[in-house]
Amino acid sequence: MATTIVALRETVPGERRVALTPEVAKKLRAKGARIVLQDGVGATAYFADGAYADCEVSSAPDALAQADVLLTVQPPSLEQIAALREGAVVIGHLQPHLAPERTKALRDRRITSFAMELLPRTTRAQAMDVLSSQAAVSGYKAVLIAAEAAPKFFPMLTTAAGTIRPSKVLIVGAGVAGLQAIATARRLGAQVEGFDVRPETKEQIESLGAKFLDLGVSAAGSGGYARELTAEEREQQQRALAEQLKAFDVVVTTAAVPGRKAPRIISAAMVAGMKPGAVIVDIAAETGGNVEGTEAGRIVTSANGVTLIGTIHLPSSAPVHASEMYARNLYNFLELSLKDGALTLDWDDELIAKTCLTHAGEIRHEPTKVLVSEA
Ligand code: NAD
């Protein structure tokens, strides 16, 4: 029998993305799946119900009751989990580190859930990597927000009224978001520098036409990620950075360490040493902040006139392209298991096994299992 794939309107305030786009719905139909959507499912991303060809439109409770697979952007609510059939599959951002009661509900309802954040970051997984696709949106938007708030042009201008010097922009953290931020700031004509604690980023930063700011700290961890800095390394980074920051007009911070609070990189004293009118956009504001004094969802001005912007929901601010990339990521993941319209999970495939959060009444992700047992 054809697998029934369901997507609902997202209910988290500010969330404008949709997990299933008309393009991906068509591809899933071609694979033999049946699609049931809540009415208005893509409205916040400008995808009208009529654009989802050959899909059924229903109410949320009716769609949930029929779902073999539920695709989501944000984690499903406890009510939605309770309304799913036992054994149904849920695929989306499940934030397993945040709400143990949600993981418990998925386990107890015997839902097979896949937390896309847990996807191993191997070459084969790149086309399914929601963290990367959404980080690219964040990096791009953060620079536009900074450019809008800055009291200066980004590019150099030669005009009859004289020459305008380009803005100096620093990008802190050169992962997926940071590299996209560097590319965007370069396209706007700024003089861009970037730094990261992973040494391999030097070449990546330079290949985008930016300068690598060497603060003398290297902290490559496992799996291509950064590790947390030691107290000594942190102090060295801060000392070198404090001096450098005085020269920048705009700073965008994107630093993260998986499974931990965002590292605090810029202190209030360092902000106090910056030029009046400088702008800092802190993408990490939602996860603790890279900058002392930024507040998630707010714009704050320091005593010396530095604007601190704590961004939230950045991928939702470009819901069309963010949804398109997200839905394609989910399609590429689902495709591993969808054959002739039927769903067969290959537990020998590490992408399936390692992304699984709950299955058959068990929590399959060890750190979450510990978290839930301690909650
Ligand atoms: P992330 O969001 O975890 O972190 C963002 C950046 O912050 C990282 O580059 C990290 O090194 C940096 N950082 C952490 N602490 C810092 C500090 N104290 N000071 C300065 N910078 C600091 O990272 P990400 O963007 O998700 O990607 C991390 C790595 O994973 C990269 O090597 C990327 O190329 C790799 N990756 C691989 C795949 C894949 O092959 N499927 C997909 C995406 C990313």
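Residues numbered from 1 in each chain as written. Predicted model: local features only at pLDDT ≥ 70, side-chain atom pairs only at ≥ 80, totals over all residues. Heavy atoms only, no water.

### Section: the overall build of the protein chain
Scanning the protein chain from terminus to terminus reveals twelve helices and 19 strands. A globule of 375 residues ought to have a C-alpha radius of gyration of about 21 Å, and the protein chain, at 22 Å, matches this closely. Seen through its principal axes, the protein chain has C-alpha atoms that stretch 70 × 50 × 35 Å. Counting every position in the protein chain, which comprises 375 residues, the buried fraction comes to 49%. Taking all contacts inside the protein chain whose residues are at least 6 apart in sequence as the whole, residues at least 24 apart take part in 64%. A total of about 16,900 Å² of accessible surface is found on the protein chain, and carbon and sulfur atoms cover 53% of it. Looking at charge distribution, the protein chain has the averaged site of its 39 positive side-chain charges lying 3 Å from that of its 42 negative ones. (Helix = DSSP H or I, 4+ residues; strand = E, 2+ residues; numbered from the N terminus. Rg over C-alpha atoms; globule rule 2.2 N^0.38 Å. Buried < 20%, exposed > 50% of the residue type's maximum accessible area, 1.4 Å probe, protein only. Contact = heavy atoms within 4.5 Å. Areas by Shrake-Rupley, 256 points an atom, 1.4 Å probe, with all protein chains shown as cover. Lys, Arg positive; Asp, Glu negative; His and termini not counted. Charge placed at Lys NZ, Arg CZ, Asp CG, Glu CD.)

### A few points about the domain arrangement of the protein chain
Domains assigned within the protein chain are domain 1 (4–128 + 319–374) and domain 2 (135–312). A straight line from the C-alpha centre of domain 1 to that of domain 2 covers 33 Å. (Domains from an automatic or database assignment.)

### Things to note about the site of the ligand
Neighbouring the ligand are 24 residues, the closest being Arg 121, Ser 132, Val 176, Asp 196 and Arg 198. The contact in question runs from an oxygen atom of the ligand to an N or O atom on the backbone of Val 176, over 2.7 Å. Within the side chain of Arg 198, a nitrogen or oxygen atom sits 2.7 Å from an oxygen atom of the ligand. For the ligand, the accessible surface in isolation is 840 Å², of which the surrounding protein chains cover 84%. Residue composition of the shell around the ligand, grouped by class: twelve nonpolar, eight polar and four charged. (Near = heavy atom within 4 Å. Polar contact = N/O pair within 3.5 Å; in protein donor to acceptor, adjacent residues only side chain to side chain. Nonpolar A, V, L, I, M, F, W, Y, C, P; charged D, E, K, R; others polar.)

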